[in-house]
Amino acid sequence: TNRAFNMKNVPLYLAGEFVQSQTQEWIDVTDPATNEVIAKAPCTTPTEMEQAIKYAGEVFKTWKETPVSERARVMMRYQALLKEHHDEIAEILSQETGKTFEDAKGDVWRGIEVVEHAGNVASLMMGETVENVAREVDTHSWIQPLGVCAGITPFNFPAMIPLWMFPMAIACGNTFILKPSEQDPLTPMRLAELFEEAGAPKGVLQVVHGGKEQVDVLLTDPAIRAVSFVGSVPVGRYIYETGTRNMKRVQSFAGAKNHMVIMPDADKQQVINALVGASVGAAGQRCMAISVAVFVGEAQQWIPELKEAMAKVRPGAWNDSGASYGPIISAKAKDRVESLIATGEAQGANLLLDGRGCTVDGLPDGNWVGPTLFSGVTTKMDIYNEEIFGPVLSCMETDSLGEAIELINNSPYGNGTSIFTSSGGCARRFQHEIDVGQVGVNIPIPVPLPFFSFTGWKGSFYGDQHAYGKQAVRFYTETKTVTSRWFSSEASTEANFSIQLR
Ligand code: NAD
């Protein structure tokens, strides 16, 4: 059964039950291809929030005692179920985000990969041991769960990003409260239903809905130990500042402007394909989208061909196989993209392709923006400094690789970057000198697989330990170090007044 999707009022997943909220306030969930209301998300009441946190604390007492291999087995069953329901989840995801079906499947798949990684939790939670640190004294460390953890996720990856968080946190022995984006809560609800079907005990995962008011409860309630956030820069800063001020562990992934450097020795066709896909794919609504192309020297001669290739691309409905990408998530977000395009033109950039006023046959009310291309962009312009989050690519030109590196290193963001070249020397220098946390060489969107971590830097990340990989285990756990002595020989009967172990 597919309960969440058929419910016009999105349920809470509270204390192990899918229940209707008692709230009077509901947020419209729209299909961005039509702007029709397809569901309503509740603004969880303070009482319900309190109930969720209290229940998570109760369940933690038993879940943390569940053997690690049993916890891992829940993840293995979950992985299999997600695969079985891959198309169905992608269809829900497509309807509420507008993503093309293929891209929606990719969103789900990149989440499944994290669940696979969580199935390996036992070896990830191994501690360290040294014997004979002093005479008859041994030391070992254990990795233990923290308690109740919370996650707040953005609209743009409603499957992948919740799956970055709760499988790892729960596999480590924590309980988890998820507050997904109010713009597309149906996908995360389906993920929660399948998690229960996979045998996750009631209350290990709970899902609440809403916005700032509900998030503030998670940031301030003393029972919550750690908060994971993914979203925009202003909210990300607020989450980090508020969460840490309330003595919580916080990892906060925020917005980005990602540059791709094109060397004149690169393969031209590969460059053009990569730029088109990485800039307008998902309508540019990816934190790792390429929004700035930096052409070094003669590579700038390829801009007209890039324009030609981009002009052939069009948005459309999720199930239109000829569409390369879907609509912008909301009418408000679309207006913002269009007004930034206008600003780019007003500030003197060359508007080579203008996606404003785009229409799609049969869907007159969708939030469509066509592929948009600027050249001659400078660091003074708003289109360079703002995260546009639309299908807009800005081209810049530099004389040398060194200049390109300096440009990127001066950006306040550091999520992803990429270089296209056939020179090992250029690629090596770029990797080494660039102040960005995720680097692609002839790969435009270098999102690491889950045995590594998602390592954004600078203004794109606030915190210490990143998502998935080994770092997620560190983030969701404490280390306990035990030093023990077992007497097997004549023990000293004298008191030791020194700090030194004897
Ligand atoms: P958003 O910041 O508007 O919302 C993210 C979450 O925060 C939502 O759950 C929302 O309900 C909540 N929220 C909104 N305002 C809040 C407030 N004032 N106080 C507390 N919580 C609040 O982001 P979005 O528009 O949903 O997502 C797009 C953004 O996410 C982009 O900036 C994108 O770059 C970023 N993003 C970053 C990464 C990354 O890994 N760095 C990944 C995906 C998306």
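Here, every reference points to the structure presented above.
Residues numbered from 1 in each chain as written. Predicted model: local features only at pLDDT ≥ 70, side-chain atom pairs only at ≥ 80, totals over all residues. Heavy atoms only, no water.

(A) Highlighting the nonpolar core. Counting 70 residues, the largest nonpolar core has Tyr78, Trp164, Phe176, Phe195, Leu205 and Tyr476 as the members making the most contacts within it. Looking at which element gives the most residues to this core, the answer is helix 7 (residues 160-171), with ten residues. With near-sequence residues (within four places) excluded, Phe176 lies in contact with Cys149, Ala150, Gly151, Met165, Phe166, Ala169, Ile170, Val204, Leu205, Gln206 and Tyr476. By size, the runner-up hydrophobic cluster in this structure holds 55 residues, among which are Ile272, Ala299, Trp302 and Ile388. (Core = buried A, V, L, I, M, F, W, Y, C linked by side-chain atoms within 4.5 Å. Buried < 20%, exposed > 50% of the residue type's maximum accessible area, 1.4 Å probe, protein only. Helix = DSSP H or I, 4+ residues; strand = E, 2+ residues; numbered from the N terminus. Contact = heavy atoms within 4.5 Å.)

(B) Representation of the sheet that holds strand 18 (residues 417-420) in the model. Overall, mixed pairing links the seven strands, which are arranged 14-15-16-13-12-18-19 in an open sheet. Because the sheet does not close on itself, it has two edges, and the strands there are strand 14 (350-353) and strand 19 (439-441). Averaged over all neighbouring strand pairs, the angle between strand axes comes to 20 degrees, with direction disregarded. One ladder, built from three bridges, connects strand 15 (residues 372-375) with strand 16 (residues 392-398); its direction is parallel. Each bridged residue has a counterpart across the sheet, and for Leu373 the counterpart in strand 16 is Leu393. Packed on one face of the sheet, helix 13 (residues 331-346) meets strand 14, strand 15 and strand 16 and runs near 25 degrees to strand 15. Those strands touched by helix 15 (residues 401-409) are strand 12 (258-262), strand 13 (290-296), strand 16 and strand 18, and its axis lies near 180 degrees from that of strand 12. (Pairing = 2+ DSSP bridges. Axes fitted to C-alpha atoms, helices over the stretch in contact; angles between N-to-C directions.)

(C) Up close: unusual backbone geometry. Here the phi dihedral of Asn132 falls at roughly 60 degrees; this positive angle occurs in a residue that is not glycine. Structurally, the position occupied by Asn132 is in strand 5 (residues 129-134). Overall, Asn132 belongs to the exposed group, its relative accessible area being 54%. One non-glycine residue, Ala282, adopts positive backbone phi at about 55 degrees.

(D) Structural detail: the site of the ligand. Taken together, 29 residues surround the ligand, and among them Lys179, Glu182, Ser232, Ala254 and Glu387 come closest. In this structure, an oxygen atom belonging to the ligand sits 2.6 Å away from a side-chain N or O atom of Ser232. The separation between a nitrogen atom of the ligand and a polar main-chain atom of Ala254 is 2.8 Å. Burial of the ligand by the protein chains amounts to 87% of its free accessible area of 840 Å². Residue assignment for the shell around the ligand shows that the elements contributing at least two residues are helix 7, helix 9 (212-220), strand 10 (224-230) and helix 10 (233-245). (Near = heavy atom within 4 Å. Polar contact = N/O pair within 3.5 Å; in protein donor to acceptor, adjacent residues only side chain to side chain. Areas by Shrake-Rupley, 256 points an atom, 1.4 Å probe, with all protein chains shown as cover.)

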